[in-house]
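The chain contents come next:
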Amino acid sequence: MCLAIPGRIARIEGDVGFAEFGGAERRVGLMLVPGARVGDWVLVHAGYAIQTLDEEEALESLRLFEELLADEPGAAGAP
Amino acid sequence: MTGAGPARVRVEAAVRRIREAVARPLRIMEVCGTHTMAIGRHGLRSLFPPDLRLLSGPGCPVCVTPGSDIDQAIDLARRPGTVVTTFGDMLRVPGARRETLDAARAAGAHVRIVYSALDAVELARNEPATEVVFIGVGFETTSPTIAAAMKSAREGGVANFSVLPSFKLVPPAMTALCAAPDVRIEGFLCPGHVSAIIGVRAYAPVAEAAKVPCVIAGFDPVDILEGVAGIVEQVRDGRHEVVNGYPRAVHEDGNPAALALLEEIFEVGDAAWRGIGVIPRTGLNVREGWAALDARRKFGLPAPEPDDLPEGCSCGLVMRGVIVPPECPLFRGACTPAAPVGPCMVSSEGACAAYHKYGG
(Lines give C-alpha, C1' and ligand atoms only; values in the text may rest on other atoms or scores of the structure.)
Protein backbone atom coordinates (compact mmCIF):
# COMPACT_ATOMS: atom_id res chain seq x y z
CA MET A 1 0.00 0.00 0.00
CA CYS A 2 2.90 2.34 0.67
CA LEU A 3 4.49 1.93 -2.74
CA ALA A 4 5.89 5.17 -4.13
CA ILE A 5 7.26 5.81 -7.62
CA PRO A 6 9.78 8.42 -8.74
CA GLY A 7 8.65 10.76 -11.49
CA ARG A 8 9.91 14.01 -12.98
CA ILE A 9 7.76 17.14 -12.93
CA ALA A 10 7.08 18.23 -16.52
CA ARG A 11 4.76 21.17 -15.83
CA ILE A 12 2.87 22.79 -12.97
CA GLU A 13 -0.60 24.36 -12.89
CA GLY A 14 -1.45 25.77 -9.45
CA ASP A 15 -0.67 23.06 -6.90
CA VAL A 16 -1.20 20.28 -9.41
CA GLY A 17 1.75 19.10 -11.44
CA PHE A 18 2.15 16.71 -14.29
CA ALA A 19 4.95 14.23 -13.82
CA GLU A 20 6.54 11.88 -16.29
CA PHE A 21 6.82 8.22 -15.50
CA GLY A 22 8.82 6.45 -18.17
CA GLY A 23 7.31 8.58 -20.95
CA ALA A 24 3.73 8.64 -19.64
CA GLU A 25 2.47 11.84 -18.05
CA ARG A 26 0.28 11.76 -15.01
CA ARG A 27 -1.38 14.37 -12.79
CA VAL A 28 0.33 14.65 -9.41
CA GLY A 29 -0.71 16.74 -6.42
CA LEU A 30 2.14 18.99 -5.24
CA MET A 31 0.64 20.30 -2.00
CA LEU A 32 3.02 18.18 0.10
CA VAL A 33 6.18 19.39 -1.68
CA PRO A 34 5.75 23.18 -1.75
CA GLY A 35 9.29 23.82 -3.01
CA ALA A 36 9.06 21.53 -6.05
CA ARG A 37 9.73 23.02 -9.49
CA VAL A 38 9.52 21.88 -13.10
CA GLY A 39 12.35 19.42 -13.77
CA ASP A 40 12.51 18.18 -10.15
CA TRP A 41 12.28 14.50 -9.35
CA VAL A 42 9.61 13.56 -6.82
CA LEU A 43 8.53 10.38 -5.09
CA VAL A 44 4.84 9.86 -5.88
CA HIS A 45 2.40 7.93 -3.70
CA ALA A 46 -1.35 7.75 -4.28
CA GLY A 47 -1.33 10.62 -6.75
CA TYR A 48 0.71 13.02 -4.62
CA ALA A 49 4.40 13.83 -4.53
CA ILE A 50 5.46 13.00 -0.96
CA GLN A 51 9.16 13.87 -1.17
CA THR A 52 11.64 15.47 -3.54
CA LEU A 53 14.60 13.38 -4.68
CA ASP A 54 17.87 14.33 -6.29
CA GLU A 55 18.38 12.88 -9.73
CA GLU A 56 20.78 10.17 -8.67
CA GLU A 57 18.43 9.02 -5.89
CA ALA A 58 15.51 9.07 -8.29
CA LEU A 59 17.23 6.99 -10.95
CA GLU A 60 18.34 4.47 -8.33
CA SER A 61 14.79 4.21 -6.94
CA LEU A 62 13.41 3.91 -10.45
CA ARG A 63 15.74 1.04 -11.29
CA LEU A 64 14.58 -0.80 -8.17
CA PHE A 65 10.96 -0.08 -8.89
CA GLU A 66 11.19 -1.44 -12.42
CA GLU A 67 12.77 -4.56 -11.00
CA LEU A 68 9.84 -4.88 -8.60
CA LEU A 69 7.33 -4.38 -11.42
CA ALA A 70 9.02 -6.92 -13.65
CA ASP A 71 7.32 -9.95 -12.16
CA GLU A 72 4.79 -8.42 -9.79
CA PRO A 73 2.10 -6.71 -11.84
CA GLY A 74 -0.64 -7.48 -9.31
CA ALA A 75 1.04 -6.18 -6.17
CA ALA A 76 2.46 -3.12 -7.89
CA GLY A 77 -1.03 -1.93 -8.72
CA ALA A 78 -1.62 -1.07 -5.06
CA PRO A 79 -1.42 2.61 -4.15
CA MET B 1 17.67 -10.58 -7.89
CA THR B 2 20.18 -7.78 -7.56
CA GLY B 3 21.96 -8.21 -10.85
CA ALA B 4 25.30 -6.49 -11.02
CA GLY B 5 28.45 -7.24 -9.09
CA PRO B 6 28.44 -4.53 -6.40
CA ALA B 7 24.92 -5.44 -5.26
CA ARG B 8 25.91 -9.08 -5.01
CA VAL B 9 28.94 -8.17 -2.94
CA ARG B 10 26.73 -6.09 -0.63
CA VAL B 11 24.23 -8.94 -0.29
CA GLU B 12 26.98 -11.38 0.65
CA ALA B 13 28.51 -8.94 3.12
CA ALA B 14 25.13 -8.28 4.77
CA VAL B 15 24.32 -11.99 5.04
CA ARG B 16 27.75 -12.62 6.59
CA ARG B 17 27.16 -9.83 9.13
CA ILE B 18 23.77 -11.31 10.02
CA ARG B 19 25.16 -14.83 10.47
CA GLU B 20 28.00 -13.56 12.64
CA ALA B 21 25.78 -11.42 14.85
CA VAL B 22 23.00 -13.91 15.60
CA ALA B 23 24.19 -16.11 18.46
CA ARG B 24 20.84 -16.98 20.06
CA PRO B 25 17.14 -17.10 19.12
CA LEU B 26 16.11 -13.62 18.07
CA ARG B 27 12.80 -12.13 16.91
CA ILE B 28 12.69 -8.97 14.86
CA MET B 29 9.74 -7.46 13.01
CA GLU B 30 9.02 -5.52 9.85
CA VAL B 31 5.95 -3.30 9.89
CA CYS B 32 5.44 -2.58 6.22
CA GLY B 33 3.45 -4.57 3.70
CA THR B 34 5.81 -3.54 0.92
CA HIS B 35 8.71 -5.00 2.94
CA THR B 36 6.64 -8.14 3.56
CA MET B 37 6.25 -8.64 -0.18
CA ALA B 38 9.88 -7.85 -1.01
CA ILE B 39 11.17 -10.23 1.68
CA GLY B 40 8.95 -13.02 0.40
CA ARG B 41 9.57 -12.39 -3.26
CA HIS B 42 13.35 -12.41 -2.92
CA GLY B 43 13.33 -15.34 -0.49
CA LEU B 44 15.34 -13.34 2.03
CA ARG B 45 14.34 -15.49 5.01
CA SER B 46 16.18 -18.41 3.43
CA LEU B 47 19.41 -16.45 3.84
CA PHE B 48 19.02 -16.06 7.60
CA PRO B 49 20.40 -18.37 10.28
CA PRO B 50 17.67 -20.56 11.85
CA ASP B 51 17.83 -18.62 15.12
CA LEU B 52 16.68 -15.41 13.43
CA ARG B 53 12.95 -14.97 13.07
CA LEU B 54 11.78 -12.05 10.94
CA LEU B 55 8.11 -11.49 11.73
CA SER B 56 5.60 -9.52 9.71
CA GLY B 57 3.80 -7.03 11.92
CA PRO B 58 0.67 -4.95 11.34
CA GLY B 59 2.16 -3.35 8.22
CA CYS B 60 -0.79 -3.71 5.90
CA PRO B 61 -3.31 -0.86 6.37
CA VAL B 62 -6.03 -2.83 4.62
CA CYS B 63 -5.57 -5.76 7.02
CA VAL B 64 -5.88 -3.64 10.18
CA THR B 65 -8.99 -1.75 9.03
CA PRO B 66 -11.86 -2.72 11.34
CA GLY B 67 -14.65 -4.70 9.73
CA SER B 68 -17.11 -2.14 11.09
CA ASP B 69 -15.46 0.53 8.89
CA ILE B 70 -15.95 -1.67 5.84
CA ASP B 71 -19.58 -2.26 6.83
CA GLN B 72 -20.09 1.50 7.14
CA ALA B 73 -18.56 2.04 3.70
CA ILE B 74 -20.88 -0.59 2.24
CA ASP B 75 -23.90 1.06 3.90
CA LEU B 76 -22.87 4.45 2.49
CA ALA B 77 -22.44 2.93 -0.97
CA ARG B 78 -26.03 1.70 -0.82
CA ARG B 79 -27.33 5.11 0.18
CA PRO B 80 -29.14 6.86 -2.69
CA GLY B 81 -27.15 9.71 -4.22
CA THR B 82 -23.90 8.58 -2.62
CA VAL B 83 -20.75 7.12 -4.18
CA VAL B 84 -18.00 5.48 -2.14
CA THR B 85 -14.54 5.89 -3.62
CA THR B 86 -11.60 3.77 -2.51
CA PHE B 87 -8.18 2.40 -3.34
CA GLY B 88 -8.69 -0.90 -5.12
CA ASP B 89 -7.16 -3.09 -2.44
CA MET B 90 -10.09 -2.47 -0.05
CA LEU B 91 -12.59 -4.17 -2.35
CA ARG B 92 -12.12 -7.81 -1.41
CA VAL B 93 -11.71 -7.47 2.35
CA PRO B 94 -14.79 -8.72 4.20
CA GLY B 95 -16.33 -6.45 6.81
CA ALA B 96 -17.68 -7.53 10.19
CA ARG B 97 -20.82 -8.80 8.42
CA ARG B 98 -18.54 -10.79 6.04
CA GLU B 99 -19.71 -8.69 3.11
CA THR B 100 -17.21 -7.09 0.72
CA LEU B 101 -17.38 -3.81 -1.18
CA ASP B 102 -16.81 -5.85 -4.32
CA ALA B 103 -19.89 -8.01 -3.75
CA ALA B 104 -21.93 -4.98 -2.73
CA ARG B 105 -20.90 -3.24 -5.94
CA ALA B 106 -21.89 -6.26 -8.00
CA ALA B 107 -25.28 -6.05 -6.30
CA GLY B 108 -25.72 -2.41 -7.27
CA ALA B 109 -23.99 -0.40 -4.52
CA HIS B 110 -22.09 2.68 -5.74
CA VAL B 111 -18.40 1.91 -5.36
CA ARG B 112 -15.67 3.39 -7.53
CA ILE B 113 -11.98 2.66 -7.46
CA VAL B 114 -9.74 5.70 -7.60
CA TYR B 115 -5.98 5.96 -7.86
CA SER B 116 -5.80 9.02 -5.61
CA ALA B 117 -7.97 10.93 -3.13
CA LEU B 118 -7.55 13.81 -5.57
CA ASP B 119 -9.53 11.82 -8.15
CA ALA B 120 -12.35 11.50 -5.63
CA VAL B 121 -12.42 15.28 -5.14
CA GLU B 122 -12.49 15.67 -8.91
CA LEU B 123 -15.45 13.31 -9.12
CA ALA B 124 -17.26 15.33 -6.45
CA ARG B 125 -16.56 18.53 -8.36
CA ASN B 126 -17.95 17.02 -11.57
CA GLU B 127 -21.03 15.55 -9.90
CA PRO B 128 -22.22 18.20 -7.43
CA ALA B 129 -25.50 16.41 -6.76
CA THR B 130 -23.70 13.26 -5.57
CA GLU B 131 -22.20 12.77 -2.11
CA VAL B 132 -18.68 11.42 -2.71
CA VAL B 133 -17.12 9.58 0.23
CA PHE B 134 -13.50 8.45 0.19
CA ILE B 135 -12.42 5.59 2.47
CA GLY B 136 -9.53 7.08 4.45
CA VAL B 137 -7.34 4.05 5.01
CA GLY B 138 -3.61 4.25 5.43
CA PHE B 139 -0.53 4.91 7.50
CA GLU B 140 1.46 8.14 7.58
CA THR B 141 2.50 7.68 3.93
CA THR B 142 -1.08 7.91 2.73
CA SER B 143 -2.87 10.11 5.28
CA PRO B 144 -1.14 13.34 4.09
CA THR B 145 -2.35 12.70 0.53
CA ILE B 146 -5.91 12.40 1.82
CA ALA B 147 -5.44 15.47 4.01
CA ALA B 148 -4.28 17.36 0.91
CA ALA B 149 -7.39 16.26 -0.98
CA MET B 150 -9.57 17.43 1.93
CA LYS B 151 -7.87 20.79 1.86
CA SER B 152 -8.34 21.08 -1.92
CA ALA B 153 -12.02 20.22 -1.53
CA ARG B 154 -12.52 22.86 1.12
CA GLU B 155 -10.58 25.54 -0.72
CA GLY B 156 -12.40 24.71 -3.94
CA GLY B 157 -15.82 24.86 -2.26
CA VAL B 158 -16.51 21.19 -2.97
CA ALA B 159 -19.09 20.56 -0.24
CA ASN B 160 -20.15 17.07 -1.39
CA PHE B 161 -16.82 15.41 -0.60
CA SER B 162 -16.03 13.68 2.69
CA VAL B 163 -13.67 11.08 4.12
CA LEU B 164 -14.50 8.02 6.23
CA PRO B 165 -11.45 8.13 8.50
CA SER B 166 -9.63 4.92 9.39
CA PHE B 167 -6.06 6.19 9.64
CA LYS B 168 -3.35 4.53 11.69
CA LEU B 169 -0.05 5.69 13.13
CA VAL B 170 2.91 3.32 12.97
CA PRO B 171 5.44 4.31 15.69
CA PRO B 172 3.06 4.32 18.68
CA ALA B 173 1.67 0.97 17.52
CA MET B 174 5.22 -0.43 17.51
CA THR B 175 5.68 0.71 21.10
CA ALA B 176 2.33 -0.81 22.08
CA LEU B 177 3.23 -4.15 20.44
CA CYS B 178 6.42 -4.35 22.47
CA ALA B 179 4.53 -3.74 25.70
CA ALA B 180 2.34 -6.85 25.25
CA PRO B 181 3.57 -9.70 27.44
CA ASP B 182 3.21 -12.40 24.76
CA VAL B 183 5.20 -10.51 22.12
CA ARG B 184 8.98 -10.41 22.38
CA ILE B 185 10.26 -8.19 19.59
CA GLU B 186 13.94 -7.28 19.83
CA GLY B 187 14.24 -4.97 16.85
CA PHE B 188 12.25 -3.24 14.11
CA LEU B 189 12.83 -2.87 10.40
CA CYS B 190 11.02 0.44 9.91
CA PRO B 191 8.93 1.27 6.82
CA GLY B 192 10.67 3.38 4.18
CA HIS B 193 7.85 5.54 2.89
CA VAL B 194 6.09 6.07 6.21
CA SER B 195 9.48 7.35 7.32
CA ALA B 196 9.73 9.68 4.31
CA ILE B 197 6.83 11.54 5.94
CA ILE B 198 7.51 11.20 9.67
CA GLY B 199 11.32 11.31 9.55
CA VAL B 200 14.01 9.51 11.47
CA ARG B 201 13.28 11.29 14.71
CA ALA B 202 9.77 9.78 14.97
CA TYR B 203 11.25 6.45 16.07
CA ALA B 204 13.25 7.85 18.98
CA PRO B 205 10.35 7.31 21.44
CA VAL B 206 9.96 3.68 20.24
CA ALA B 207 13.65 2.86 20.64
CA GLU B 208 13.67 4.55 24.04
CA ALA B 209 10.45 3.08 25.46
CA ALA B 210 10.88 -0.48 24.17
CA LYS B 211 14.70 -0.50 24.26
CA VAL B 212 14.84 -1.97 20.75
CA PRO B 213 16.85 -0.91 17.70
CA CYS B 214 14.87 0.71 14.87
CA VAL B 215 16.41 0.67 11.40
CA ILE B 216 14.68 2.39 8.47
CA ALA B 217 15.10 0.48 5.23
CA GLY B 218 14.26 0.92 1.57
CA PHE B 219 12.73 -1.81 -0.56
CA ASP B 220 15.69 -3.25 -2.40
CA PRO B 221 16.85 -6.66 -1.12
CA VAL B 222 20.20 -5.05 -0.33
CA ASP B 223 18.49 -2.29 1.69
CA ILE B 224 16.51 -4.88 3.62
CA LEU B 225 19.43 -7.22 4.32
CA GLU B 226 21.66 -4.35 5.43
CA GLY B 227 18.85 -3.13 7.65
CA VAL B 228 18.48 -6.55 9.25
CA ALA B 229 22.27 -6.76 9.71
CA GLY B 230 22.22 -3.40 11.47
CA ILE B 231 19.44 -4.55 13.79
CA VAL B 232 21.01 -7.86 14.82
CA GLU B 233 24.39 -6.20 15.41
CA GLN B 234 22.75 -3.64 17.68
CA VAL B 235 21.00 -6.43 19.58
CA ARG B 236 24.30 -8.29 19.97
CA ASP B 237 25.93 -5.11 21.28
CA GLY B 238 23.05 -4.20 23.59
CA ARG B 239 22.28 -0.97 21.72
CA HIS B 240 18.90 0.47 20.74
CA GLU B 241 19.49 3.25 18.27
CA VAL B 242 17.49 4.65 15.37
CA VAL B 243 19.39 4.28 12.10
CA ASN B 244 18.39 5.63 8.70
CA GLY B 245 19.23 3.06 6.05
CA TYR B 246 17.11 4.79 3.37
CA PRO B 247 18.57 8.30 3.08
CA ARG B 248 17.48 8.43 -0.60
CA ALA B 249 13.97 9.30 0.57
CA VAL B 250 14.09 9.74 4.35
CA HIS B 251 15.35 12.81 6.17
CA GLU B 252 15.74 13.51 9.87
CA ASP B 253 12.58 15.67 10.01
CA GLY B 254 10.62 13.77 7.35
CA ASN B 255 8.38 15.97 5.22
CA PRO B 256 7.53 19.05 7.33
CA ALA B 257 4.83 20.29 4.90
CA ALA B 258 3.03 16.93 5.10
CA LEU B 259 3.32 16.81 8.89
CA ALA B 260 1.97 20.37 9.18
CA LEU B 261 -1.02 19.45 7.03
CA LEU B 262 -1.76 16.36 9.14
CA GLU B 263 -1.60 18.54 12.24
CA GLU B 264 -3.92 21.12 10.69
CA ILE B 265 -6.69 18.64 9.83
CA PHE B 266 -6.34 15.75 12.26
CA GLU B 267 -5.77 15.15 15.94
CA VAL B 268 -4.34 12.02 17.47
CA GLY B 269 -6.89 9.67 19.00
CA ASP B 270 -7.37 6.02 19.87
CA ALA B 271 -7.71 3.59 16.98
CA ALA B 272 -9.28 0.17 16.53
CA TRP B 273 -6.87 -2.25 14.81
CA ARG B 274 -8.54 -5.28 13.33
CA GLY B 275 -7.60 -8.45 15.18
CA ILE B 276 -5.53 -6.49 17.68
CA GLY B 277 -7.98 -4.21 19.46
CA VAL B 278 -8.01 -0.56 20.43
CA ILE B 279 -4.52 0.90 20.76
CA PRO B 280 -4.47 4.29 22.50
CA ARG B 281 -3.23 7.24 20.46
CA THR B 282 -2.53 5.34 17.24
CA GLY B 283 -5.21 6.93 15.08
CA LEU B 284 -6.08 10.26 13.49
CA ASN B 285 -9.44 11.88 14.04
CA VAL B 286 -10.74 14.79 11.99
CA ARG B 287 -10.55 18.05 13.93
CA GLU B 288 -13.74 19.88 14.85
CA GLY B 289 -13.01 22.66 12.36
CA TRP B 290 -13.00 20.10 9.53
CA ALA B 291 -16.09 18.17 10.70
CA ALA B 292 -17.95 18.90 7.44
CA LEU B 293 -15.43 16.67 5.66
CA ASP B 294 -15.74 13.80 8.15
CA ALA B 295 -18.17 11.24 6.70
CA ARG B 296 -18.79 9.79 10.15
CA ARG B 297 -20.13 13.10 11.42
CA LYS B 298 -21.78 14.04 8.14
CA PHE B 299 -23.84 10.84 8.01
CA GLY B 300 -24.16 10.26 11.77
CA LEU B 301 -22.20 6.98 11.88
CA PRO B 302 -20.91 5.42 15.11
CA ALA B 303 -17.19 5.09 15.95
CA PRO B 304 -15.39 1.97 14.68
CA GLU B 305 -15.37 -1.15 16.77
CA PRO B 306 -12.59 -3.69 17.17
CA ASP B 307 -14.66 -6.57 15.84
CA ASP B 308 -13.80 -10.21 16.06
CA LEU B 309 -12.15 -11.91 13.15
CA PRO B 310 -13.85 -14.91 11.52
CA GLU B 311 -13.91 -18.08 13.60
CA GLY B 312 -10.51 -19.76 13.82
CA CYS B 313 -8.69 -16.90 12.06
CA SER B 314 -5.34 -16.02 13.62
CA CYS B 315 -4.66 -12.78 11.74
CA GLY B 316 -4.49 -10.90 15.05
CA LEU B 317 -1.74 -13.18 16.35
CA VAL B 318 0.09 -12.96 13.03
CA MET B 319 -0.02 -9.16 12.95
CA ARG B 320 1.18 -8.94 16.55
CA GLY B 321 4.11 -11.21 15.75
CA VAL B 322 3.03 -13.96 18.15
CA ILE B 323 2.92 -16.55 15.35
CA VAL B 324 3.91 -16.77 11.69
CA PRO B 325 1.22 -17.60 9.11
CA PRO B 326 2.06 -21.33 8.69
CA GLU B 327 1.33 -21.74 12.43
CA CYS B 328 -2.33 -20.77 11.88
CA PRO B 329 -4.47 -23.92 11.65
CA LEU B 330 -6.39 -22.49 8.69
CA PHE B 331 -3.31 -21.56 6.64
CA ARG B 332 -3.30 -23.24 3.20
CA GLY B 333 -6.19 -25.48 4.27
CA ALA B 334 -9.39 -23.55 4.92
CA CYS B 335 -7.72 -20.22 4.10
CA THR B 336 -6.14 -19.58 0.69
CA PRO B 337 -5.93 -16.50 -1.57
CA ALA B 338 -8.72 -17.98 -3.71
CA ALA B 339 -10.95 -18.51 -0.66
CA PRO B 340 -9.53 -16.26 2.04
CA VAL B 341 -10.82 -16.27 5.62
CA GLY B 342 -8.83 -13.46 7.22
CA PRO B 343 -7.68 -10.05 5.99
CA CYS B 344 -3.97 -11.03 5.89
CA MET B 345 -4.79 -13.62 3.20
CA VAL B 346 -7.07 -11.26 1.24
CA SER B 347 -4.72 -8.33 0.87
CA SER B 348 -1.89 -8.75 -1.63
CA GLU B 349 0.40 -7.23 1.00
CA GLY B 350 -0.87 -9.32 3.89
CA ALA B 351 1.60 -11.58 5.67
CA CYS B 352 -0.46 -14.72 4.97
CA ALA B 353 -0.75 -13.91 1.26
CA ALA B 354 3.03 -13.35 1.10
CA TYR B 355 3.78 -16.64 2.87
CA HIS B 356 1.30 -18.46 0.69
CA LYS B 357 2.79 -17.08 -2.49
CA TYR B 358 6.46 -17.28 -1.67
CA GLY B 359 6.77 -19.66 1.28
CA GLY B 360 8.32 -18.77 4.66
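Procedures and definitions
Residues numbered from 1 in each chain as written. Chains lettered and ligands numbered in written order. Predicted model: local features only at pLDDT ≥ 70, side-chain atom pairs only at ≥ 80, totals over all residues. Heavy atoms only, no water. Contact = heavy atoms within 4.5 Å. Buried area = accessible area lost by both parts, 1.4 Å probe. Salt bridge = Lys/Arg side-chain N within 4 Å of Asp/Glu carboxyl O. Polar contact = N/O pair within 3.5 Å; in protein donor to acceptor, adjacent residues only side chain to side chain. Helix = DSSP H or I, 4+ residues; strand = E, 2+ residues; numbered from the N terminus. Phe/Tyr/Trp six-rings, centres within 6.5 Å; stacked < 30°, edge-to-face > 60°. Buried < 20%, exposed > 50% of the residue type's maximum accessible area, 1.4 Å probe, protein only. Pairing = 2+ DSSP bridges.

Engineer: Kindly report on the interface of chain B and chain A, identifying the contributing residues and their values.
Structural biologist: Contacts between chain B and chain A engage 44 residues on the former and 32 residues on the latter. Summing both sides of the interface, chain B and chain A together bury roughly 3,300 Å²; the carbon and sulfur share of this comes to 58%. When the buried surface of chain B facing chain A is broken down by residue, Arg41(B), Tyr115(B) and Arg248(B) rank first, second and third, together holding 23% of it. Viewed at the interface, chain A and chain B are joined by 2 salt bridges. Of the charged contacts in the structure, one is a salt bridge between Arg27(A) and Glu122(B), with a shortest N-O distance of 3.3 Å. If you look at where chain B meets chain A, you find 9 residue pairs in polar contact (both at pLDDT 80 or more). Elements with a contribution of two residues or more to the side of chain B that touches chain A: α2 (33-41), α5 (117-126), β5 (131-138), α6 (143-155), α8 (192-198), α11 (256-265) and α15 (351-358) of chain B.

Engineer: Outline unusual backbone geometry, supporting the account with residue identities and numerical values.
Structural biologist: Residues and elements named next belong to chain B. Even without being glycine, Arg 98 reaches a positive phi, approximately 70 degrees. Inspection of the secondary structure assignment puts Arg 98 in the loop between β3 (82-86) and α4 (101-106). In this structure, Lys 211 is a non-glycine residue whose phi angle is positive, near 55 degrees.

Engineer: Please set out the packing of aromatic side chains residue by residue, giving values where relevant.
Structural biologist: The relation between two aromatic rings is expressed through the spacing of the ring centres and the mutual angle of the planes. Residue and element names in this part refer to chain B. Using the criterion set out here, one finds 4 aromatic pairs over all chains in the structure. Geometrically, the ring pair formed by Phe 87 and Phe 134 is edge-to-face, given 5.3 Å between the ring centres and 85 degrees between the ring planes. Taken together, the positions of Phe 87 in the loop between β3 and α4 and Phe 134 in strand β5 put the pair 47 residues apart, joining distant regions of the chain. Residue Phe 87 is classed as buried on the basis of its relative accessible area of 2%.

Engineer: Lay out the side chain of Asp220(B) in plain terms, naming residues and giving numbers.
Structural biologist: Positionally, Asp220(B) belongs in the loop between β8 (214-216) and α10 (221-237). For Asp220(B), the side chain forms a polar contact with the main-chain nitrogen of Val222(B), separated by 2.6 Å.

Engineer: Could you give an account of the side chain of Gln72(B), with specific residues and numbers?
Structural biologist: Within the fold, Gln72(B) resides in helix α3 (residues 67-78). In this structure Gln72(B) touches Leu164(B), Arg296(B), Leu301(B) and Pro302(B), once residues within four positions along its chain are discounted.

Engineer: Describe the pairing of strand β1 (residues 5-13) of chain A, and please don't skip the residues or the numbers.
Structural biologist: All names here are of chain A. Direction of pairing for β1 relative to strand β4 (residues 41-45): antiparallel, over a ladder of 4 bridges. Paired with Pro 6 across the two strands is Leu 43, which belongs to β4. Of the strand pairs in this sheet, β1 and strand β2 (residues 16-21) are connected by 5 bridges, and their pairing is antiparallel. Each bridged residue has a counterpart across the sheet, and for Arg 11 the counterpart in β2 is Phe 18. Hairpin connection from β1 to β2: 2 residues lie between these consecutive antiparallel strands, with Gly 14 at a positive phi of about 65 degrees.

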